[in-house]
Amino acid sequence: MGKLGDQVQFKIKRQAGPETAPYWEEFSVRWEPMMNVIAALMEIQRHPVNAAGQKTTPVVYSSNCLEEVCGACTMVVNGRVRQSCSALVDQLAQPITVEPMSKFPVVRDLYVERQRIFEDFKKVNAWIDTDGSHNLGPGPRYSAEVADMRYALSRCMACGCCLEACPNYGPGIPFIGAATVSQARLFNLHPSGSMKASVRLDALQAEDGIGGCGNAQNCVQVCPKEIPLTTSIGDMMRATTKQAFQSLFRR
Amino acid sequence: MADRPRFIVVGGGLAGLATVIKIAEAGHDVDVFSFVPCRRSHSVCAQGGINGAVNTKGEGDSPAIHFDDTVYGGDFLADQPPVKAMCEAAPGVIYLLDRMGVPFSRTPEGLIDFRRFGGTLHHRTAFAGATTGQQLLYALDEQVRRWEVAGRVRRFEHWEFVHAILDDNGNCRGIVAMDLHAMKLEVFPAAAVALATGGPGIVYGKSTNSVVNTGTAAALVYQQGASYANGEFIQVHPTAIPGADKLRLMSESLRGEGGRLWVPKKKGDARRAKDIPENERYYFLEEKYPKYKNLVPRDIATREIFELCRRQGMGVGGKDSVYLDLTHLGEEYIKRKVGGVVEIYEKFIGGKAWEEPLQVFPAVHYSMGGLWVDYDHMTNIPGLWAVGEVDFAYHGANRLGANSLVSCIYSGLVGGPAMVRYATGKVGQELGEPSSVLLDGARTKMEETYGALGKMEGPHNPYQLWWQLGDEMTGKATVVRYSNELQELDGKIQGWMEDWKKCSVLDTGKSANQAIMFTRQLWNMLVLARVIVQGALLRDESRGSHFKPDFPERNDEKFLKTTLASYDPATHGPKITYKEVDTSLIKPRKRVYTGEAKA
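Residues numbered from 1 in each chain as written. Chains lettered and ligands numbered in written order. Predicted model: local features only at pLDDT ≥ 70, side-chain atom pairs only at ≥ 80, totals over all residues. Heavy atoms only, no water.

Participant: Go over the domain arrangement of chain A with me, naming the residues and quoting the values.
Facilitator: Residue and element names in this part refer to chain A. Looking at the assigned domains, one finds that chain A contains domain 1 (7–112) and domain 2 (115–250). Between domain 1 and domain 2, the C-alpha centre-to-centre distance is 31 Å. On the side of domain 2, 15 residues touch domain 1, which itself brings 14 residues to the contact. Both faces combined, the contact of domain 1 with domain 2 buries some 1,200 Å², and carbon together with sulfur accounts for 56% of it. The largest contributions to the domain 1 side of the interface with domain 2 come from Val81, Lys103 and Phe104, which together make up 48% of the buried area. (Domains from an automatic or database assignment. Contact = heavy atoms within 4.5 Å. Buried area = accessible area lost by both parts, 1.4 Å probe.)

Written out as structure tokens, the structure is:
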């Protein structure tokens, strides 16, 4: 536990732009109560000077809610992918290393472009095909058990932790990754969503689909929302296999 | 206008996405601009739920009672017809979200479950665990993604709105926006533009708001002539936890599910909470408000906590802190009903809600005020709409918990179709395409603005100035307000405006230069801070969240009026006028939550 007057040591991996080479810069930041990695980055904005006493630019990073529900500030802190807002300095060994995620293109410093996740959501129809936003009365009834199961899956922030940790996901590899597979399950569990279940299962059988999973099970270990990702993958594997068999017999 | 008018929505939270969906459904093309991917917008922070009088519990709840609670909770400052329409639409909004797949918590019969919230005696709040805003946002984001695949919607994520393009007649004809990766300015003509850019909580430095909530878009159009209404009405939420970077909300749902606020009866009692026997605890809200108990409206709960901690020195350990006690509810119930909230406490402060009470204190949370809009949500600039927290419309002087999610979505459902009517109607048709001279001129102007920002030199650091502004605003323009302090604060803000001109550009990078963007946002925050402070200074009464000890009563004769601020470029300050409030449906009455107040 730090105290007032202490300095906290940081090693931050920086990069001036998408095409330039990364480099490390060290910072010594004054400790404050309840300090997280974000608070340190904010302090660097107020005092953009590195540990060697040289003037530098504020570190560029992405953040928004700062309470681990938006997923924006995901980084690799001391080697582990996580949200930097909930990375409390007092719980981290120093020097604290902060790096951008490695599976996504770096825009600058710690700021990466994760649009691929949202593009992959499109492939599995990660939505309910509603008839429209006009008033059509109540939605379908379903049990509290199913709602609870869906809620657990629906807490996915598309932060990309599971993808960063997955040995089978990355640039140049087609696999869509655990988060997207779990989205397919989320919508297949909904009474109206299930009407399009076969479309999602077909998508999961494509080249970039569920077959890319190598069963490393890293995803479920790093998920900040403890989403049962491996259960989702297992469930979707069974469902796709079943669908494949059924279509075989239908021929 | 062209055969197929294009529309622009700035902001991808609940209000913006609801607007997008309505426009796309009407068969039109719409571009949505957002600093962050829509799915990461501030709406995710809403925890407790969304109000709608569905009456699942058979308590006799109705939209009429919801309407009365909302108007009364807002201390009669809201124009009533739109509030009534919102409350009537609210059950339908909840059903719509359910149809979109929001995993609402359910009853044993499989219906949507409802919980209690502040300022009402009914179970009226539908919820998805305790991350309801996140869940609603995802549902709308998914529907918009569907429209994106259908080719109706283009997303401009990691873009910032920097300028509204106004023609010689003052009509809004499009926007200039900055690509935040490549730092390139681009011009986007549009038949109508909506701002759905959220509140200005970041003006207060640390608040429960997200990083993007600087109010910069609202401040920009205010400087271009839009009226800003009721800016002085800032909600301070009673229960939040401290942090070095922000203050984190501990949702009202914790009390809706049975949480109790208390302090030790003995000042400075050093015992641990669980060692303090029941009869030595002061359940301050339950004693004073036997009917609403811990669920009085937020302005009232916040003032009681301030009174206890700041004036009576009764805070836990003599500090700015009271207990929010859930221990009697049990681990299973707490995790199931409010797991998402207590998780935040556990991660950021440490401690389990079922073992010991949480320690909380009020924090700036929401702006009831915002851009003035008509009942169609158009601002006083034709062609420019405002929806969601950035508008002023539904909450009067104080917002009831769980009314923000419904007002955000409802305003989009109203605003979107109104934009289509405007663009496809006579006015829009007659406007035709904006001229290239107009568009190029706007681009040049912004290139000059950002060019100049990139050359700023001087001793000041914009992030330091912001921190000072936040500190002073939190100290003097929140729960308890004194005219002399507000006057002094306004002087300081003007001083910081001078300092701002001597800010140094911290970064000359060509990629994702956040410092340049922030420097302009800071100016906009200073401009909005003056609107808040001047509005508070001139309003010599106490109403809802606005409390002046020197004027402790509500004064309907003088101040049952909407504050309207318009920007004066000469002073950078607001010119303030007042507008009558439409109270045609419910006659204003004294607002009392003690004893046997209204049911």
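Now that the structure has been shown, the text picks up again.
Participant: Tell me what's going on with the interface of chain A and chain B, and back it up with residues and numbers.
Facilitator: Contacts between the two partners involve 76 residues from chain A, matched on the other side by 71 residues from chain B. Across the chain A/chain B interface, buried area totals approximately 6,200 Å², and carbon plus sulfur atoms make up 51% of it. Our enumeration of links across chain A and chain B arrives at 8 salt bridges. With a shortest N-O distance of 2.9 Å, arginine 108 of chain A and aspartate 507 of chain B are connected by a salt bridge. Of all the secondary-structure elements, those providing two or more residues to the side of chain A that touches chain B are helix H1 (37–46), strand E6 (106–108), helix H2 (115–123), helix H3 (144–154) and helix H5 (178–188) of chain A. (Salt bridge = Lys/Arg side-chain N within 4 Å of Asp/Glu carboxyl O. Helix = DSSP H or I, 4+ residues; strand = E, 2+ residues; numbered from the N terminus.)

Participant: Let's hear about the state of the cysteines: which residues, and what values?
Facilitator: Applying the stated criterion across every chain, the model contains 0 disulfides over all chains. Not engaged in a disulfide, the cysteine cysteine 161 of chain A finds its nearest cysteine sulfur in cysteine 159 of chain A; these two sulfurs lie 3.7 Å apart. Between cysteine 45 of chain B, a cysteine without a disulfide, and cysteine 65 of chain A, which holds the nearest cysteine sulfur, the sulfur-to-sulfur distance is 4.7 Å. (Disulfide = S-S within 2.5 Å.)

Participant: Residues and numbers for the pattern of salt bridges, please.
Facilitator: With the rule as written, the count across this model stands at 72 salt bridges over all chains. Of the charged contacts in the structure, one is a salt bridge between lysine 3 of chain A and aspartate 6 of chain A, with a shortest N-O distance of 3.3 Å. Here aspartate 6 of chain A falls in the partly exposed class, since its relative accessible area comes to 23%. One network of salt bridges, with partners in common, ties together Asp75, Glu232, Asp299, Arg303, Arg539, Glu541, Arg543, Arg554, Asp556 and Arg591 of chain B. (Buried < 20%, exposed > 50% of the residue type's maximum accessible area, 1.4 Å probe, protein only.)

Participant: Report on the sheet that holds strand E4 (residues 114–116) of chain B, specifying residues and quantitative values.
Facilitator: Residues and elements named next belong to chain B. Read across the open sheet, the 3 strands follow the order E3-E5-E4; overall the sheet is antiparallel. Every other strand in the sheet has two partners, leaving strand E3 (50–51) and E4 as the edge strands with one partner each. Bridge count between E4 and strand E5 (residues 123–126): 3 bridges; the pairing is antiparallel. Looking at E5, one finds that phenylalanine 114 is bridged to alanine 126. (Pairing = 2+ DSSP bridges.)

Participant: Residue-level account of the packing of aromatic side chains, with values.
Facilitator: One pass over the full model with this rule turns up 25 aromatic pairs over all chains. Considering the side-chain rings of phenylalanine 104 of chain A and tyrosine 169 of chain A, the 5.9 Å spacing of their centres and the 50° angle between planes classify their relative orientation as tilted. Of the two residues, phenylalanine 104 of chain A sits in the loop between strand E5 (96–99) and E6 while tyrosine 169 of chain A sits in the loop between helix H4 (161–165) and H5, which places them 65 residues apart along the sequence. Of the two residues, phenylalanine 104 of chain A and tyrosine 169 of chain A, neither departs from the other in class, the shared state being buried. With 4.6 Å between their ring centres and 10° between their planes, phenylalanine 33 of chain B and phenylalanine 156 of chain B make a pair best called stacked. Here the residue phenylalanine 33 of chain B occupies a position in strand E2 (residues 29–34), and phenylalanine 156 of chain B occupies one in strand E6 (residues 153–157), the gap between them amounting to 123 residues. Residues phenylalanine 33 of chain B and phenylalanine 156 of chain B agree in their burial class; the two are buried. Put simply, the rings of Phe33, Phe156, Trp159 and Phe188 of chain B pair up and form one aromatic cluster. The ring centre of tryptophan 24 of chain A lies 4.9 Å from the NZ or CZ of lysine 11 of chain A, which sits over that ring. Geometry around tyrosine 142 of chain A places arginine 106 of chain B over its ring, the cationic atom sitting 4.2 Å from the centre. (Phe/Tyr/Trp six-rings, centres within 6.5 Å; stacked < 30°, edge-to-face > 60°. Lys NZ or Arg CZ within 6 Å of the ring centre and 35° of its normal.)

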